[in-house]
Amino acid sequence: MEELINLTIEQYRTKKLALIQKVPTPITPMKIDKETRQITLAYFDQKSTVDYIGVVQSVPVCFDAKECAKDSFPLANIHEHQYEFMKDFEEQDGVAFLLIYFKGKDEYVYLPFAKLKEFWERMENGGQKHFKYDELDEKYVISTYSGTFLHFLEPLQTDLNER
């Protein structure tokens, strides 16, 4: 999924539609192979925020890419610090969302932060600790256009129109 997103954001940059970057995860190398000079063991320095951050036609965006094998998505796949970062980002008039790949259906879905927040609050109030594919709005299913690009600007525009 990450490769598909990276190809897409490069295409968006080339066409001057968006400028989005993958956020590197800070690590501390513990062991380095002396011959290849490759890191063989490392630890995460700090909790990461989201996978991608950037701007789309003057709209600040941040998002995380997730996958799940079944037709339900465990909210445990989203760390609380990620949720809080997306919440804070939205409070600064940015747009936060998830891109989720449902392997069983071979479908990609754009999940607006507002919907994530609804599921998150349901969980915090003692409800389900997951959400089902069937709870998502089909207008947020992402077209892949020949399996080459993951065109998430279309559902992003839908999200913006509904705000």
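Residues numbered from 1 in each chain as written. Predicted model: local features only at pLDDT ≥ 70, side-chain atom pairs only at ≥ 80, totals over all residues. Heavy atoms only, no water.

Visitor: Please set out the overall build of the protein chain residue by residue, giving values where relevant.
Guide: A count of helical and extended segments in the protein chain gives five helices and nine strands. Its helices and strands taken in sequence order, the protein chain reads α-β-β-β-β-β-β-α-β-β-α-β-α-α from the N to the C terminus. Evaluated residue by residue, the protein chain yields a buried proportion of 36% over its 163 residues. With an accessible surface of roughly 9900 Å², the protein chain has 48% of that area assigned to carbon and sulfur atoms. (Helix = DSSP H or I, 4+ residues; strand = E, 2+ residues; numbered from the N terminus. Buried < 20%, exposed > 50% of the residue type's maximum accessible area, 1.4 Å probe, protein only. Areas by Shrake-Rupley, 256 points an atom, 1.4 Å probe, with all protein chains shown as cover.)

Visitor: Just give me the short version of unusual backbone geometry, but keep the residues and values in it.
Guide: Excluding glycine, residues mostly have negative phi values, and the peptide bonds linking residues are mostly trans. In this structure, Lys16 is a non-glycine residue whose phi angle is positive, near 60°. Mapped onto the elements, Lys16 comes out in the loop between α1 (2-14) and β1 (18-22). By relative accessible area, which is 71% here, Lys16 ends up exposed. At Asp106, a position not held by glycine, the phi torsion is positive, near 55°. Counting through the fold element by element, Asp106 comes out in the loop between β7 (95-102) and β8 (107-112).

Visitor: Which residues make up the pairing of strand β5 (residues 59-68), and what values go with them?
Guide: Across five bridges, the pairing between strand β4 (residues 52-56) and β5 is antiparallel. Residue pairing for β5: Gly54 is matched across the bridge by Val61. Linking two consecutive strands that pair antiparallel, namely β4 and β5, is a turn of two residues; a positive phi of about 50° is found at Gln57 within it. Sheet analysis places β5 next to β7, joined by eight bridges and oriented parallel. Across the sheet, Glu67 pairs through a bridge with Tyr101, a residue of β7. (Pairing = 2+ DSSP bridges.)

Visitor: Describe the sheet that holds β4, with residues and values.
Guide: By definition, the strands of a sheet pair up through backbone hydrogen bonds, in either a parallel or an antiparallel sense. Overall, mixed pairing links the five strands, which are arranged β1-β4-β5-β7-β8 in an open sheet. Because the sheet does not close on itself, it has two edges, and the strands there are β1 and β8. Neighbouring strand axes in the sheet, compared pairwise and without regard to direction, differ in orientation by 25° on average. Alignment of β7 against β8, held across six bridges, turns out to be antiparallel. (Axes fitted to C-alpha atoms, helices over the stretch in contact; angles between N-to-C directions.)

Visitor: Go over helix α5 (residues 153-161) with me, naming the residues and quoting the values.
Guide: Taken residue by residue, α5 has Leu153, Pro155, Leu156 and Asp159 as its buried positions. The arc that holds every buried residue of α5, seen down its axis, measures 160°, which confines them to one face. Elements that come into contact with the buried residues of α5 comprise α1, β4, β5, β7 and β8. (Arc of directions from axis to C-beta. Contact = heavy atoms within 4.5 Å.)

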